[in-house]
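Listed below are the residues making up each chain.
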Amino acid sequence: MGLKQSIRRLLGKQRHGETKGGFLSTLQQFEDQVPVRLCLDVGANAGHFAREFRAAFPPATIHCFEPGEDAFQQLQTLAGQDNQVRAHRTALGNRSGSQTFFLNTKSVTHSLLPVAADAPQWAPATHITPTGTAEVQVATCDEFCATHSIAHVNLLKVDTQGYDLKVLEGARCLLEAGKCDWIYVEMMFVPIYDGQCYFHDIFNYLIARQFSLFRFYGGVHSPSGRLKWTNGLFSR
């Protein structure tokens, strides 16, 4: 049975809820068809996802990208304890160079985009209050893969606070060549950052490159029930 047929079968069985164990559990179910041995974790923060990924896929290597100083120090500690975790203090986007990194009260909300004026309507001010800026280096995914002789990526995970489409644009060659199996990406439905991308931007970009949306994970809703953001898993 091919991957697409297997996905349809799984969807039919679990149409009314997320796969138990989250999206890594989903990937484990397809290990026979698509072994996961290399992951790019873009927006790695302090390495929480990297720990989960390494527990789920012990043979795999994960490259983690984090431009924030404090979070990177924690990520670097993790990399020092596990030689299959590679820490890179850089951001990824659609062009190389130096860019302004906007710092907020919680490091998980730092972004290459400034917080939008309406953001407190959708996210706690204790998380997204601006605290400063820093200049960081930005590369593209395609450049990184070429420099590190990476010909194929099993999982591209992107969580960059509204900058996610720029990251995917910087991976255009990889995606259009069919050299990426899975993409797990955060998608927003409400304005949190100035100039951010929205769900439809990411969906249209990936559909145009022969990816299919498999399932949503971890949706966050407002008190009124409006979906604010979620994560999507795409496959080829």
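Residues numbered from 1 in each chain as written. Predicted model: local features only at pLDDT ≥ 70, side-chain atom pairs only at ≥ 80, totals over all residues. Heavy atoms only, no water.

**Student:** Would you mind showing me how to read the overall build of the protein chain here?
**Tutor:** For the protein chain, the count of helices and strands is 9 helices and 10 strands. Compactness check: the protein chain gives a C-alpha radius of gyration of 17 Å against a globular reference of 18 Å for 236 residues, within 12% of the reference. With respect to the three principal axes, the spread of C-alpha positions in the protein chain is 50 × 45 × 30 Å. Within the protein chain, the proportion of its 236 residues that are buried is 51%. Within the protein chain, residue pairs in contact and separated by at least 24 positions form 68% of the contacts whose partners lie at least 6 positions apart. When the accessible surface of the protein chain is totalled, it reaches about 10900 Å², and 50% of it is carbon and sulfur. (Helix = DSSP H or I, 4+ residues; strand = E, 2+ residues; numbered from the N terminus. Rg over C-alpha atoms; globule rule 2.2 N^0.38 Å. Buried < 20%, exposed > 50% of the residue type's maximum accessible area, 1.4 Å probe, protein only. Contact = heavy atoms within 4.5 Å. Areas by Shrake-Rupley, 256 points an atom, 1.4 Å probe, with all protein chains shown as cover.)

**Student:** Explain helix α4 (residues 69–81) to me, please; I cannot follow it from the model alone.
**Tutor:** Because the α-helix completes a turn every 3.6 residues, residues three or four places apart line up on one side. Given a rise of 1.5 Å per residue, 13 residues ought to cover 18 Å, and the 19 Å separating the end C-alpha atoms of α4 matches this to within 8%. Of the positions making up α4, those classed as buried are Ala71, Phe72, Leu75, Leu78 and Ala79. Angular distribution of buried residues about the axis of α4 spans 115°; they occupy a single face of the element. Facing away from the buried side of α4 by more than 90 degrees, the exposed set consists of Asp70, Gly80 and Gln81. Buried positions along α4 lie against α3 (48–56), β2 (61–65) and β3 (85–88). (Expected span 1.5 Å × (residues − 1). Arc of directions from axis to C-beta.)

**Student:** How should I be thinking about the pattern of salt bridges in this particular structure?
**Tutor:** Oppositely charged side chains can form a pair if their charged atoms are brought close together. Overall, the coordinates contain 5 salt bridges when judged by the stated rule. Arg172 is the salt-bridge partner of Glu176, the closest N and O atoms lying 3.4 Å from each other. Residue Glu176 and its partner Arg172 are located together in helix α8 (residues 172–176), separated by 4 residues, close to a single helical turn. Among the residues examined, Arg172 registers a relative accessible area of 39% and is labelled partly exposed. Residues Glu176 and Arg209 are paired through a salt bridge, measuring 3.1 Å at the closest nitrogen-oxygen approach. Linking Glu176 in helix α8 with Arg209 in the loop between α9 (199–207) and β9 (212–221), this pair joins segments that are 33 residues apart in sequence. Classification of Glu176 by relative accessible area gives partly exposed; the value is 43%. Three or more residues joined by partner-sharing salt bridges are found here, namely Arg172, Glu176 and Arg209. (Salt bridge = Lys/Arg side-chain N within 4 Å of Asp/Glu carboxyl O.)

**Student:** Help me out: how do you make sense of the environment of Pro35 in this one?
**Tutor:** Within the element layout of this structure, Pro35 appears in the loop between α2 (23–29) and β1 (38–42). By relative accessible area, which is 37% here, Pro35 ends up partly exposed. Distance from Pro35 to Phe57, taken between C-alpha atoms, is 9.3 Å for residues 22 residues apart in sequence.

**Student:** Explain the packing of aromatic side chains here, please?
**Tutor:** Aromatic rings in a pair are described by how distant their centres are and how their planes are angled relative to each other. Taken as a whole, this structure holds 13 aromatic pairs when the rule is applied. Aromatic pair Phe23 and Phe49: ring centres 5.9 Å apart, planes at 10°, arrangement stacked. In this pair, Phe23 is assigned in helix α2 and Phe49 in helix α3, connecting sequence segments 26 residues apart. Note on accessibility: Phe23 and Phe49 belong to one class, buried. Three or more aromatic residues joined by ring pairs form one cluster here, namely Phe23, Phe49, Phe53, Phe57, Tyr184 and Tyr217. Residue placement shows Arg215 over the ring face of Phe214; its charged tip is 4.8 Å from the ring centre. (Phe/Tyr/Trp six-rings, centres within 6.5 Å; stacked < 30°, edge-to-face > 60°. Lys NZ or Arg CZ within 6 Å of the ring centre and 35° of its normal.)

**Student:** Whenever I open this one, the sheet that holds β3 confuses me. Can you help?
**Tutor:** Hydrogen bonds between backbone atoms are what pair the strands of a sheet, whose relative direction is either parallel or antiparallel. Overall, mixed pairing links the 7 strands, which are arranged β3-β2-β1-β7-β8-β10-β9 in an open sheet. Of all strands in the sheet, those bounded by a partner on one side alone are β3 and β9. Direction aside, the axes of adjacent strands within the sheet are offset by 15° on average. Bridge count for β1 against strand β7 (residues 153–158) is 4 bridges, and the pairing is parallel. (Pairing = 2+ DSSP bridges. Axes fitted to C-alpha atoms, helices over the stretch in contact; angles between N-to-C directions.)

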